Every structure is written in C-alpha cells, then in structure tokens.
Amino acid sequence: MALHIPTPLMESSPLSRAAGCAVWLKLECMQPPGSFKIRGIGAACEHYARQGAKRFVSSSGGNAGLAVAYAGRLLGVPVTVVVPATTSQRAIELLQQEGAELIVHGASWQEANAMAQSLLQETDAFLHPFDNPLLWSGHASMIDEVAATGNRPDAVLLSVGGGGLMSGVMEGLARNGWGDVPVLAVETQGAASLHAAMQAGRRVELEAVTSLATSLGARQVCEQAFALSQGGKVHSVLVSDRQAVAACSRFLDDHRLLVEPACGAALAVAYARAPELAAFRSVLLIVCGGATATADNLRQWTAQLA
Ligand SMILES: *Cc1c(COP(=O)(O)O)cnc(C)c1O
C-alpha cells in the first residue's frame, strides 16, 4: 500500500474569481507529513526497503526530511536526518515527533549534506529531495488521480524548487495522454534557479538563495527539470516573497488551510490574475503545502515585508 493518501480535488470559488478562470486545487497540503513530497519519497523508500535498506538517510530540514521520517516510521526502517544549524525549531520538533534520529551539523546545507554522505553505510539508502527518477514517478501519481476524474486542465500551475515536483507532474501528464498541457512554473525572486537556467539556456548555479520560501531554495535545478523546460511547454513565472506570503494569508482565510510561502508562490499567480493565465479557461493548481510554517511565522513575515 502506498504511503501517501489520495488528495481532494476541488474547484475554488475564491481563487477562480481572483484568477478569472476556473481554478482546480489539488490539495497536496493534506498529505499526512504536510506536503506532496511523501508521494515520491514514499515510493522511493518502499523501493529501497524492498531492496533491503536498513536505514534511510536525509539531509533535508524541510518537507523532504519530514517525508523520509514519516515513511521510515510507517515502514519500520530507522531514519537519520542531518540538518544545518539554521534549521528552524519548528522543523526540528516535527522531525523528532516522527521519531527520526536528528543530527544538527554545520552552518549550511552543504555541510550537513557532506556529513550525511559520510555516514552512509552499504545498507543505507540516501534520499535526495528532488533529483531521483523514483521520486518523479511517485509524484506523478497526483496527476493519475486527476486524470481518473476525466477533468483535463488547460494548464497546470505549480511551484519549482529543485524541479522534482515539476518533473513528476510532467511525467504524470505524459503518462495520462495529457503531455501537451502547458505548465506554469512559479518561483520566488531570490530562489529562481529554473528561471535563471531557462534564461541562460543551460543549468546555472545561483550564488545564493535569498527568498524566505526556503522550500524553493535549491541553488540549481535537476537536469531532468531543465531538460523538460526546453520542450516549449514550460512557462517560467516569478513572484515576490511579499506576494507569496500575502497569498498564504489569503488562502488561509479563503480555505482555512495554512501552507508555506513555497506554496504561496503558485497561489500568488492565481490571486494576482497574472497575464500568463489569460489564455486558459481552467487551471490545475498544485497546492504543494509544506509543514514548516506556522501562523506566527506568517504574521512575522507579513510585518517584515510591509
Ligand atoms: C519541496 C517543495 C517544493 C519544491 O519542490 P521541488 O521538487 O524541489 O521543485 C515546493 N513546495 C513545497 C512545500 C515543498 O516542500
């Protein structure tokens, strides 16, 4: 049995009114560990467990690490997560609640990741947060669920960090005969690694990630996401942190659901009725979720960005 749950698909009246087209929400924020990541990570963990993995190792202090911890608990496989000192108290608490062994090491993700790699034993499986084909085909299951309703969108609206979600969604579109559906790939300014790569015509590494949408903070997108972006169906859209945070607040009021700014980025495009939407009658919005933001964080960010 899969570790993720099938999620609701619903048309949003407030978002449709704002966007000027029918906005269908795929509510991945309802996944037990709080984001879509459990789809791909759950599938990958099941695969590695079948192959005899005795431990799962992650270096993500965000939703990927949470998904690994959750998957390990359900599969009865121990989990070690190495996170940098910058990881929020909230994320640390959530990881501990899932029963993961937590190692806080280094000032940045690079250092935590190097430590995680150095720990790897023969019988361990390392779970990358976005660059793994097992993840993409797991993420694709969210599109299988939409396709089963027969409700074909004119476009898909989603957030991009390292590009695992986008790779999975496009795999799902292709395997359901919807490969020609365009994708609006949203990033925040300050975390725009896909945008930079599309501009340059090759993958580039950002010097730094300055957005507070930390779940979008991959300095470079994976090869697969870049390759897909060259197919003519991916349109890059940028929003500000302020727009992403404002979208989170508005979504909380509209649907009583709290999501991270990483998810607010995609919501912001609909709330702003971005010109990129004008060509479409119906849009599928992947509400990717995120468990690491609190209502307090949202208030602080709103004040800080005012
Ligand atoms: C990981 C994550 C993303 C970005 O996904 P990628 O696969 O890295 O592109 C977006 N939103 C949330 C909430 C996430 O956890």
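Residues numbered from 1 in each chain as written. Predicted model: local features only at pLDDT ≥ 70, side-chain atom pairs only at ≥ 80, totals over all residues. Heavy atoms only, no water.

Turning next to the packing of helix H11 (residues 241–255) against helix H13 (residues 295–305). Running from N to C, H11 and H13 cross one another at 140 degrees; their axes reach a closest spacing of 10 Å. Relative to H13, H11 is oriented oblique. The interaxial crossing formed by H11 with H13 has left-handed handedness. Facing H11, whose interface residues are Asp241, Arg242, Val245, Cys248, Ser249 and Leu252, H13 presents Leu298, Trp301, Thr302 and Leu305. A per-class count over the contact of H11 with H13 returns six nonpolar, two polar and two charged. (Axes fitted to C-alpha atoms, helices over the stretch in contact; angles between N-to-C directions. Helix = DSSP H or I, 4+ residues; strand = E, 2+ residues; numbered from the N terminus. Parallel < 35°, antiparallel > 145°, perpendicular 65-115°, else oblique. Left-handed = near helix turned anticlockwise from the far one by under 90°. Contact = heavy atoms within 4.5 Å. Nonpolar A, V, L, I, M, F, W, Y, C, P; charged D, E, K, R; others polar.)

What follows covers the site of the ligand. In the region of the ligand, 16 residues are neighbours, and Lys37, Gly161, Gly162, Gly163 and Leu165 sit closest. The contact in question runs from an oxygen atom of the ligand to an N or O atom on the side chain of Lys37, over 2.6 Å. Within the backbone of Gly161, a nitrogen or oxygen atom sits 2.7 Å from an oxygen atom of the ligand. In the complex, the protein chains occlude 98% of the 380 Å² of accessible area that the ligand would expose alone. Residue composition of the shell around the ligand, grouped by class: seven nonpolar, eight polar and one charged. Both domains that furnish three or more residues to the shell around the ligand are identified here as domain 1 (9–36 + 134–305) and domain 2 (37–130). (Near = heavy atom within 4 Å. Polar contact = N/O pair within 3.5 Å; in protein donor to acceptor, adjacent residues only side chain to side chain. Areas by Shrake-Rupley, 256 points an atom, 1.4 Å probe, with all protein chains shown as cover. Domains from an automatic or database assignment.)

Let us now look at helix H12 (residues 261–271). Across the 11 residues that make up H12, a large majority, 11, are buried. For H12, the set of buried residues is Pro261, Ala262, Cys263, Gly264, Ala265, Ala266, Leu267, Ala268, Val269, Ala270 and Tyr271. Positive backbone phi, approximately 45 degrees, marks Arg273, located one or two places after H12. (Buried < 20%, exposed > 50% of the residue type's maximum accessible area, 1.4 Å probe, protein only.)

The next point concerns the sheet that holds strand E2 (residues 22–26). With respect to topology, six strands assemble into an open sheet ordered E1-E2-E10-E7-E8-E9, the strand pairing being mixed. The outermost strands of the open sheet, each flanked by one partner alone, are strand E1 (9–11) and strand E9 (234–239). On average, each strand axis in the sheet is inclined to that of its neighbour by 25 degrees, with strand direction left out of account. As judged from the five bridges shared by E2 and strand E10 (residues 282–286), these two strands associate in the parallel manner. What sits directly across from Ala22, in E10, is Ser282. In the packing of helix H9 (residues 193–200) onto the sheet, the strands contacted are strand E8 (183–188) and E9, and the crossing angle to E9 comes to about 130 degrees. (Pairing = 2+ DSSP bridges.)

Our focus in this paragraph is the state of the cysteines. A full pass over the atoms with the stated rule returns zero disulfides. We note that Cys45 lacks a disulfide partner, and the nearest cysteine sulfur, in Cys222, lies 18 Å from it. You can see Cys248 has no disulfide; the closest cysteine sulfur is in Cys263, sitting 6.7 Å from it. (Disulfide = S-S within 2.5 Å.)

What follows is about unusual backbone geometry. Positive phi is not limited to glycine here, since Arg256 has a value of about 60 degrees. The topology assignment puts Arg256 in the loop between H11 and H12. Look at Arg273: it is not a glycine, yet its phi comes out positive at around 45 degrees. Counting through the fold element by element, Arg273 comes out in the loop between H12 and E10. The class for Arg273 is partly exposed, based on a relative accessible area of 48%.

Quick look at helix H3 (residues 63–75) now. With 13 residues, H3 ought to run about 18 Å at 1.5 Å a step, and its terminal C-alpha atoms sit 18 Å apart, in line with that. Among the 13 residues of H3, 10 are classified as buried, and the element is accordingly described as predominantly covered. Taken as a whole, H3 has its buried residues at Asn63, Ala64, Gly65, Leu66, Ala67, Val68, Ala69, Tyr70, Ala71 and Gly72. Here the buried face of H3 lies against helix H2 (37–50), strand E3 (55–58), strand E4 (79–83) and helix H4 (89–97). (Expected span 1.5 Å × (residues − 1).)

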